[in-house]
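Coordinate inspection notes
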Amino acid sequence: TGTKDGYYIGSFMIDLGNILGTGRKFQADWNKQDESSQDMRIYYEEPWLAGLPLDLSGQFLQVFQDSSYIKRGFTVGMKYSLSSRINAHLSFGGESVIAEDQDQSLFDLRNSKSTFYTIGLTYNMLDDRMNPSKGISYSSFVTQQRRKLETTEDRDGYSVNDRKITAQLE
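Presented here is a report on the structure given in the accompanying data block. Worth saying up front: this structure is predicted, and the values here are computed from it rather than measured. (Residues numbered from 1 in each chain as written. Predicted model: local features only at pLDDT ≥ 70, side-chain atom pairs only at ≥ 80, totals over all residues. Heavy atoms only, no water.)

Focus: the overall build of the chain
Across its full length, the chain holds zero helices and nine strands. Mapped from its N terminus to its C terminus, the chain presents α and β elements in the order β-β-β-β-β-β-β-β-β. Relative to the 2.2 N^0.38 estimate, which gives 15 Å for 170 residues, the radius of gyration of the chain is 20 Å and therefore markedly larger than a compact globule would have. Taken along the three principal axes of its C-alpha coordinates, the chain extends 60 × 45 × 35 Å. Counting all 170 residues of the chain, 24% fall into the buried class. Working note: accessible area of the chain is about 11800 Å², and carbon and sulfur atoms make up 55% of it. Considering the chain, the positive charge centre built from 19 side chains and the negative charge centre built from 23 side chains are found 8 Å apart. (Helix = DSSP H or I, 4+ residues; strand = E, 2+ residues; numbered from the N terminus. Rg over C-alpha atoms; globule rule 2.2 N^0.38 Å. Buried < 20%, exposed > 50% of the residue type's maximum accessible area, 1.4 Å probe, protein only. Areas by Shrake-Rupley, 256 points an atom, 1.4 Å probe, with all protein chains shown as cover. Lys, Arg positive; Asp, Glu negative; His and termini not counted. Charge placed at Lys NZ, Arg CZ, Asp CG, Glu CD.)

Some words on the side chain of Thr118
If you trace the backbone, Thr118 turns up in strand E7 (residues 112–124). Since its relative accessible area comes to 11%, Thr118 is described here as buried. Among the polar contacts made by the side chain of Thr118, one reaches the side chain of Thr143 at a distance of 2.8 Å. In this structure Thr118 touches His89, Leu90, Ser91, Phe141, Val142 and Thr143, once residues within four positions along its chain are discounted. (Polar contact = N/O pair within 3.5 Å; in protein donor to acceptor, adjacent residues only side chain to side chain. Contact = heavy atoms within 4.5 Å.)

Quick look at the pattern of salt bridges
Across all of its chains, the model carries four salt bridges by this definition. Across the salt bridge formed by Arg41 and Asp29, the nearest N and O atoms sit 3.0 Å from each other. Taken together, the positions of Arg41 in strand E3 (residues 37–46) and Asp29 in strand E2 (residues 25–34) put the pair 12 residues apart, joining distant regions of the chain. (Salt bridge = Lys/Arg side-chain N within 4 Å of Asp/Glu carboxyl O.)

Re a nonpolar patch on the surface
On the surface, Ile42, Phe60, Phe74, Leu90, Phe92, Tyr117, Ile119, Val142 and Ile165 cluster together into a nonpolar patch covering about 810 Å² of accessible area. Locating Ile42 in the fold gives a position in strand E3. By relative accessible area, Ile42 is classed as partly exposed at 36%. (Patch = residues over 30% accessible without salt bridge, like charges linked within 9 Å, V, L, I, M, F, W, Y side chains within 5 Å.)

A word on the sheet that holds strand E5 (residues 69–81)
One open sheet holds the nine strands; their spatial order is E1-E2-E3-E4-E5-E6-E7-E8-E9, and the pairing between them is antiparallel. In the strand order of this sheet, the two ends are held by strand E1 (10–16) and strand E9 (158–169), each with one partner. For this sheet the average axis-to-axis angle between neighbouring strands, irrespective of direction, equals 10°. Taken together, the eight bridges between E2 and E3 define a ladder with antiparallel strand orientation. Following the sheet pairing, Gln27 is matched in E3 by Tyr43. (Pairing = 2+ DSSP bridges. Axes fitted to C-alpha atoms, helices over the stretch in contact; angles between N-to-C directions.)

Quick look at the environment of Ile14
Mapped onto the elements of the fold, Ile14 is located in strand E1. Accessibility expressed as a relative area gives 29% for Ile14, which makes it partly exposed. The spatial distance from the C-alpha of Ile14 to the C-alpha of Ile42 is 9.7 Å, given a sequence separation of 28 residues. Excluding anything up to four places from it in sequence, Ile14 contacts Phe26, Gln27 and Ala28.

Here's the deal with the side chain of Gln62
Relative to the assigned elements, Gln62 resides in strand E4 (residues 54–65). In terms of polar contacts, Gln62 uses its side chain to reach the side chain of Arg72, at 2.6 Å. Dropping the residues within four chain positions of it, Gln62 is found in contact with Gln38, Asp39, Met40, Lys71 and Arg72.

Observations regarding unusual backbone geometry
Even without being a glycine, Leu20 presents a positive backbone phi close to 50°. Phi at Ala50 takes a positive value of approximately 55°, unusual for a residue other than glycine. Looking at where Ala50 falls in the secondary structure, it is placed in the loop between E3 and E4. The exposure class of Ala50 is exposed, given its relative accessible area of 74%.

Given below as structure tokens:
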């Protein structure tokens, strides 16, 4: 309206769960809620690497949040099938947050960089993955993250170590 340009909003999602019958997965999501916020995610998984029961995956994530910050991250993961019911998981990645105006932020929002790794184990004895009527499924994951907040004119930088433990039983 008037002298202001218009803009697009919307969302897009594609999920290819078994590309050409090879078991490869590709997912892409894009969502723009308003003029200054959007998020995007791209994921790919390659099964049975080099003929081994080893799946390799990668993910890229980018978030623009209002005029507050931009977050970018990546994850590389591996899943090794110990048996038809037990899988071991290992992943690592990084993330950076770029605060638009660090000195004016009310929420102590600063530029930061982090790295993490996750190890986990899944056990699935369900009779049907899509619609189980009996069995048990268990998973547990431990994530260790090191985040470094940058120094600003009036605040010192520091590092934080976080550990997250997740377990699920069905």
